[in-house]
Amino acid sequence: MSTVKHDGKVRGFQFSPWNLLLIVPLLVLVTPLFNMDGPRLFGMPFFYWFQFLMVGVGVLSTWIVYLMTREKPTVDAPDKLSVEDLDEGDAR
Amino acid sequence: MSNLQWPELIIFTILFALVTVLGFMASRWQRGSTLDHLDEWGLGGRKFGSWITWFLLGGDLYTAYTFVAVPALVFSAGALGLYALPYTIVVYPIVLLPALRMWSVSRVRGYVTPADFVRGRFGSPILALLVAITGIVATMPYIALQLVGLEAVLRTMGINGSGIVGHLPLLVAFVILAFYTYQSGLRAPALIAFVKDILIYIVILVAIIYLPSKLGGWSHIFDAAATKLSAKSPATGKPAGSILLTANNQLQYATLALGSALALFLYPHSLTSVLASRGRNVIKRNMVALPAYSLVLGLLALLGYVAITAGVKPLTNAATGKADGNTIVPVLFDSQFSSWFAGIAFAAIGIGALVPAAIMSIAAANLWTRNIYKEYIRKNATPAEEAKQAKLASLVVKLGAVAVIILIDPQFSIDLQLIGGVLILQTLPAVALALYTRWFHRWGLIAGWIVGIGWGLIMLYGIPNPANGKQHFGGSALSLGNLSLLGWHPFAGSAVQIYVGFVALIGNLVIAAIVTVIARQMKVFNGTDDTEPEDYHTDEHDKNLRPIGVH
């Protein structure tokens, strides 16, 4: 299996640790965290304003990932996770 | 046809005419060398920048039906209806990375549909056909639902005739839509989406500031809603809902939000908008900025409670004789706003129906053309013939959607949409996971698809809805106590509910994995992979990119 393209660049599976930030917004799926009435904000139960707050958290996480990964659209290191090797070396 | 709301109708008609002109003009906007190519007609030349993509994706994912149905669900069931908010919070972080890979590989290989990718990845026309059919079947009722949203608005304005006359304005609107989509392709909804979103934002901001102040503030609104929802329903003897989740529907809330998020970018139409963008950074920026719509959606959902406090009663649909819950928001606007502003609000919802309907019909037409017509009917179709075929298919798809609304109860298309979401989720292993790994064997994926779809349908069939007396397809919440594995009930007696699509997906993955292991043991040929590892990382400025729209 070759990751060398004809123009000489090597591109494989790329993974940035910053991508792990994308897990943070998933907290909004843990309903016991916020399924309660108080404290209210502007008359809105916690259940509601917490989820609106999580919109902001989602934006922030995704934005940081964008800022940190946009300058390296491709990496020149070998494939770190080597997912393609799981393919049993299909004839290419 | 009595009590027509003239000021509302006039403003609605003027704005509608405006977007019609825009729709026809769109064919000349940012034009490429030709419109006779799927890259141009079906993907707008693959060169949309951040702003256009934002409006297009927003117009695509947040539809008229969402704007009408989510508040309606909150109105009738309370907190559960708010699942749409976490769903749009988690969707962008989840799909960001796969969407980038899908964009790159499609840009390099010239893929237009998710089924194109599956075809290239596994060399399996059968698997690609299954993905294509699932996409078309799931998209059709979605288009029909846009009509439900449009009709809810029209009925509120007094166009609430019975029989075929009641549907006539809808038919006119859709014929117009069909023709400018035919002519302009994806550029038409992209341009109209600007108008739609500006209107929607104005209306929501006003509604969310003005209405609560008029009705005694949020605190009063939530208390009034809590009182009303806790009253026992005569049909079931239980409260209709509550403003917080109950012990039994928390799992349903989370799995429905997650399942819907996973399904969203498997829908062919959302992928169409992703593939139409210029490069990877455009997509990344959009995943950051799209949650602006989530706020709008969340605030809209709360209008369900506002409607309760304002004492809104749903209109009776003269065509079916039943109360139409989807008219909650239009009736609220009609009763609380001055008529000219209600007209703007209705136009926003009405135009909001056209944008996604256009994109969806284009996506379905692309699937038909690429994965059925070209694969099985005319193998050596030229790009120009493909474009012609897709244009015709987009007409057929829209007429089909109108026929569904006119000939059968709109409630039926809501059921179909519910089923569609469960179905499209079953293409996740073949489309989304295949972006990362070819570990799954193509026959494993086919077996998983069959089991996921079959089991999903069986579970949906078995869910009754006591509130409206339906025996089957009464919702997507399965009580764990009724979960049956070939007759074995692992959670017997439990009343905790879970989203059917999620359960079916787990079954799908388990079967896919088992069959994969068996197929590998038996050394069954797993097709040829056309894609290269580096295909998944190409970007807009790379050298040697495939030219766009070349015959």
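Residues numbered from 1 in each chain as written. Chains lettered and ligands numbered in written order. Predicted model: local features only at pLDDT ≥ 70, side-chain atom pairs only at ≥ 80, totals over all residues. Heavy atoms only, no water.

Undergrad: Residues and numbers for the overall build of chain A, please.
TA: Scanning chain A for helices and strands turns up 1 helix and 0 strands. Within chain A, the proportion of its 92 residues that are buried is 39%. Once local pairs closer than 6 in sequence are excluded, the contacts in chain A between residues at least 24 apart make up 56%. Taken as a whole, chain A presents about 5200 Å² of accessible surface, with 70% of it coming from carbon and sulfur. (Helix = DSSP H or I, 4+ residues; strand = E, 2+ residues; numbered from the N terminus. Buried < 20%, exposed > 50% of the residue type's maximum accessible area, 1.4 Å probe, protein only. Contact = heavy atoms within 4.5 Å. Areas by Shrake-Rupley, 256 points an atom, 1.4 Å probe, with all protein chains shown as cover.)

Undergrad: Report on the nonpolar core, specifying residues and quantitative values.
TA: Grouped together as the largest cluster of nonpolar side chains are 199 residues, with contacts concentrated most on Y48 of chain A together with Y305 of chain B. Of the residues forming this core, the biggest block, 21 residues, is contributed by helix α16 (residues 339-377) of chain B. Ignoring any residue separated from it by four or fewer positions in sequence, one finds Y48 of chain A in contact with A79, L82, F222, I243, L302 and Y305 of chain B. (Core = buried A, V, L, I, M, F, W, Y, C linked by side-chain atoms within 4.5 Å.)

Undergrad: Can you break down the packing of aromatic side chains residue by residue, with the values?
TA: On inspection of all chains with the given rule, the structure shows 29 aromatic pairs over all chains. Aromatic ring contacts, followed pair by pair, group F34, F46, F47, Y48, W49 and F50 of chain A together with W218, F222, Y253 and Y305 of chain B into a single cluster. Positioned above the aromatic ring of Y436 of chain B is the side chain of R101 of chain B, whose terminal nitrogen or guanidinium carbon lies 4.6 Å from the ring centre. Geometry around Y182 of chain B places K391 of chain B over its ring, the cationic atom sitting 5.5 Å from the centre. (Phe/Tyr/Trp six-rings, centres within 6.5 Å; stacked < 30°, edge-to-face > 60°. Lys NZ or Arg CZ within 6 Å of the ring centre and 35° of its normal.)

Undergrad: Account for the interface of chain B and chain A, with residues named and values stated.
TA: Tallying the contact residues gives 50 residues for chain B and 46 residues for chain A. At the boundary of chain B with chain A, total buried surface from both sides reaches about 4500 Å², with 64% on carbon and sulfur atoms. Among the residues chain B hides against chain A, the three largest losses belong to V288, E534 and H537 of chain B. Together they make up 13% of the total. Inspection of the chain B/chain A interface yields 1 salt bridge. Applying the counting criterion to the chain B and chain A interface returns 8 residue pairs in polar contact (both at pLDDT 80 or more). (Buried area = accessible area lost by both parts, 1.4 Å probe. Salt bridge = Lys/Arg side-chain N within 4 Å of Asp/Glu carboxyl O. Polar contact = N/O pair within 3.5 Å; in protein donor to acceptor, adjacent residues only side chain to side chain.)

Function cannot be read off these values alone, since they describe shape.
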